[in-house]
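So you can see what is in the structure, the chains are spelled out below.
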Amino acid sequence: MMITIDASGLHYRKLNEQIRKALATGATEILIKNANGQRYIGTGISGNQRIVIEGTPGSDLAAFMDGLEIEVMGNAQDGVGNTMNAGRVIVHGNAGDVTGYGMRGGELFIRGDVGYRVGIHMKAYKEKQPVIVIGGRAGAFLGEYMAGGVILLLGLDLEPGREIVGNFCGTGMHGGTIFIRGEVEPYKLGKEVRVVEPTSEDEQFIADYVARFASYFGDDLSRIVAKPFKKLIPFNKRPYGNLYTPY
Amino acid sequence: MALSLLTPMFKVERDEELCIQCKVCMRQCVNGVHWYDEEEDRMRCDHKKCVGCHRCVVLCPTGALTVKKYPLEFRENAHWTLDYIRSIYLQAETGGILLTGMGNDRPYPVYWDHMVLNASQVTNPSIDPLREPMELKTYLGRKPKAVEIKNGKLAEKLPPQLELDVPIMFSAMSFGSISLNAVKSLAQAARETGTFFNTGEGGLHRDLYEYGANTIVQVASGRFGVDPDYLKAGAGIEIKIGQGAKPGIGGHLPGEKVGPEVSATRMIPLGSDAISPAPHHDIYSIEDLRQLIFSLKEATNYEKPVGVKIAAVHNVAAIASGIARAGADFVAIDGFRGGTGAAPLRTRDNVGIPIEFALAAVDERLRREGIRNEVSIVVGGSIRNSADVVKAIALGADAVYIGTAALIALGCHLCQKCNTGKCNWGIATQDPYLVKRLNPEIGARRAANLIRAWAHEIKELLGGMGINAIESLRGNRLMLRGIGLNEKELSILGIKAAGE
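Residues numbered from 1 in each chain as written. Chains lettered and ligands numbered in written order. Predicted model: local features only at pLDDT ≥ 70, side-chain atom pairs only at ≥ 80, totals over all residues. Heavy atoms only, no water.

We now examine the overall build of chain A. When its secondary structure is counted, chain A shows 3 helices and 12 strands. For chain A, the C-alpha radius of gyration of 18 Å lies close to 18 Å, the compact-globule estimate for 247 residues. On the principal axes, the C-alpha backbone points of chain A span a range of 55 × 50 × 30 Å. Looking at the 247 residues of chain A, the share that counts as buried comes to 59%. For chain A, long-range pairs separated by at least 24 residues make up 44% of all intrachain contacts whose partners lie at least 6 apart in sequence. Summing over all exposed atoms, chain A offers an accessible surface of approximately 9600 Å²; the carbon and sulfur share of this is 49%. (Helix = DSSP H or I, 4+ residues; strand = E, 2+ residues; numbered from the N terminus. Rg over C-alpha atoms; globule rule 2.2 N^0.38 Å. Buried < 20%, exposed > 50% of the residue type's maximum accessible area, 1.4 Å probe, protein only. Contact = heavy atoms within 4.5 Å. Areas by Shrake-Rupley, 256 points an atom, 1.4 Å probe, with all protein chains shown as cover.)

Attention now moves to the interface of chain A and chain B. Each side of the interface is counted separately: chain A has 38 residues, and chain B has 54 residues. When chain A packs against chain B, the two sides together hide about 4100 Å² of surface, and 54% of this comes from carbon and sulfur. Among the residues of chain A in contact with chain B, Phe64(A), Thr245(A) and Tyr247(A) are the three that bury the most area, contributing 22% of the side total. On the surface where chain A and chain B come into contact, there are 3 salt bridges. (Buried area = accessible area lost by both parts, 1.4 Å probe. Salt bridge = Lys/Arg side-chain N within 4 Å of Asp/Glu carboxyl O.)

Let us now look at the sheet that holds strand E17 (residues 306-311) of chain B. All names here are of chain B. Taken together, 8 strands build an open sheet; the order of strands is E11-E21-E20-E18-E17-E14-E13-E12 and the sheet is parallel. Since the sheet does not close on itself, it has two edges, and those belong to strand E11 (168-170) and strand E12 (197-198), each with one partner. Sitting on the sheet, helix H8 (residues 316-325) touches E17 and strand E18 (330-334), and the angle it makes with E17 is about 165°. (Pairing = 2+ DSSP bridges. Axes fitted to C-alpha atoms, helices over the stretch in contact; angles between N-to-C directions.)

All right, on to unusual backbone geometry then. Non-glycine residue Phe168(A) carries a positive phi angle of around 60°. Following the sequence through the fold, Phe168(A) ends up in the loop between strand E8 (147-153) and strand E9 (175-181). If you check the backbone angles, Arg223(B) has positive phi at about 55° while not being a glycine. Tracing the sequence through the fold places Arg223(B) in the loop between strand E13 (215-219) and helix H5 (228-233).

Residue and element names in this part refer to chain B. Domain assignment breaks chain B into domain 1 (10-96) and domain 2 (138-497). Taking the mean C-alpha position of each, domain 1 and domain 2 sit 35 Å from one another. Each side of the interface is counted separately: domain 1 has 13 residues, and domain 2 has 10 residues. For the pairing of domain 1 and domain 2, the buried interface totals around 1100 Å² over both sides, and the portion due to carbon and sulfur atoms is 54%. A per-residue breakdown of the area domain 1 buries against domain 2 is headed by Val30, Cys53 and Arg55, which together make up 46% of the total. (Domains from an automatic or database assignment.)

This part covers the side chain of Thr138(B). Residue and element names in this part refer to chain B. Within the secondary structure layout, threonine 138 lies in strand E7 (residues 138-140). The class for threonine 138 is buried, based on a relative accessible area of 0%. Of note is the side chain of threonine 138, whose polar atom sits 3.0 Å from the backbone oxygen of leucine 136. Those residues in contact with threonine 138 that lie beyond four places of it in its chain are Leu162, Glu163, Leu164, Pro167, Asp398, Ile470 and Arg474. (Polar contact = N/O pair within 3.5 Å; in protein donor to acceptor, adjacent residues only side chain to side chain.)

Quick look at the nonpolar core now. Note that soluble globular proteins tend to have their nonpolar side chains buried in a common cluster. Counting residues in hydrophobic clusters, the biggest one holds 117 residues, and the most contacted among them are Phe170(B), Ile333(B), Ile402(B) and Ile427(B). Of the residues forming this core, the biggest block, 8 residues, is contributed by helix H14 (residues 440-464) of chain B. Residues in contact with Ile402(B), not counting those within four places in the same chain, are Ile168(B), Met169(B), Phe170(B), Ser171(B), Met173(B), Ile383(B), Leu450(B), Ile451(B) and Trp454(B). Counting residues in hydrophobic clusters, the runner-up holds 49 residues, among them Ile134(A), Leu153(A), Val165(A) and Ile180(A). (Core = buried A, V, L, I, M, F, W, Y, C linked by side-chain atoms within 4.5 Å.)

See below:
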């Protein structure tokens, strides 16, 4: 059952009430039209339904979300997938700062660019392995304090003079993996990470995710994988093990 | 290895006439102080390893042991005290940041001890709580400015509240910083006494979900163990911004404490460091804080109060006002004596302000702005006894958090070694051999006893003042007088001097 909600003029609390009500009464797909900055869409909701958003949803889209699929036809704001547990968010435009903060499961596919501190403190545990795929470029502190999961940064269609990632990439990282398509200058990396070549297993992982990325956004898969990837991993999972002295 | 210049902190004295070489001390001391000399058939000890936790003293069946401050004296020097000399030796040997546990132990003034309570004499009757009704019930949460009654019922639903039978809760201590048996003890004691324990930033162990109605779940910058089940499990949610023992810095549970149970509860890999960033990186302003508060309210369908915990710092009143305006249902303020599982020594001992001042300033500010009803105030970080609780409530608190006091009830002897994970009392450790020393049933009984004892004492003190409900004491600063305080201190505390 598909339900359409017109979000124009609706406060986020009313909109989210309507969404929760629609899901509770059996909607399997919700189309939200005219979203205009309403926060917390999909926040804290468990299920396996699908929400399509036309317009621009507000911050904390899919925060603490547990299982839904959300597709945003335009841009998203800050904190997409904040502490998300499971599910998928597909954003056709850009996403803002702290996208995927503390994410512990599920997937984010962002076609465009993302802001600062994306994937900060993502973590993995057993079967929960969060993944963020970014089509464009990322701001500074990508994957800061990263404790698990995977970030795939594609850097597609970079304008001349624009760089794929900002400074302090992976600073404080103590788990997980960042794959960057192309090269990244050493000065941009946090001192806790090192660059290695992807293994054949990694290549397969990248190919699978890029294929899905290409299918969501109608991109050419072969064009994307034609350029080699670099793999960023932490030196160890105890970066500050020797910093302290018991008094 | 180069010679260490460190001298022992404690001297273990054994009465050889009483000692029966039973080796209990040897088995009980995880620091390896005691050992058995087979050749001479006697117990010996290495004073240097003693941390002064008294486990051996308490468990010695013949009472043969005494632990004393090591009698070594440096040449007298008021400026270079033993602590400072010692820390330089340590840092010269290791190059590390000094790390410690528990709260600030420096001799700053304790303002609780500079305030005295009132009692009724002649002009109004005192009340005997043993024979007359006395109300300690406390509700934490946002209160409307006015209520409208229609047909004998509230016209509008009240915002969600936490209902406390006593105005004392167990403050946030994570599973990781303390043992599962310690958390279980507090959870069960909270249920028995009608109050709450707080998960801290360690997630909620599966065995503790049954205590949900008496649980405040914490969301801190590391977001450990935070998932929809966790948020819904508790009766309330607390966003941790800061901690009195370490304002402005994050947390760091070392990998060696992340065993299978901690790993499953925090949802992080075995042996991985659990790093909590200093700030929440989605909160750089009061507006951002509002965003997280309402994110959590949305995630729990507006059914649970959401509070914010901050450390008492210089500008605490303005910050608390911002927190109230950001939509928090309660603000928890942790004073500079608040405890910790691990904090850098210099931060613990030098950052933050006394809770007594912070509380007075916050309550005053919120009243002046006309928003005191919109947020409840919970204070922690130095509450040692029931009189401190009563003074805190008279200064304006709705309830208090106790952490250190609760752990002392479980057996802690304040050796301040929580950070090492070698707690002979089974409290601040994840070593299974040590953890089982703390029986959660006994721990729960002891912690519940403490709460009940304090509740009785609070009633006695209230009755003496002629007050029969804790509500009537809240912010009633006329019940307090200052002793040995200067004008400025009196004015910040908003109290008169004794005799005035």
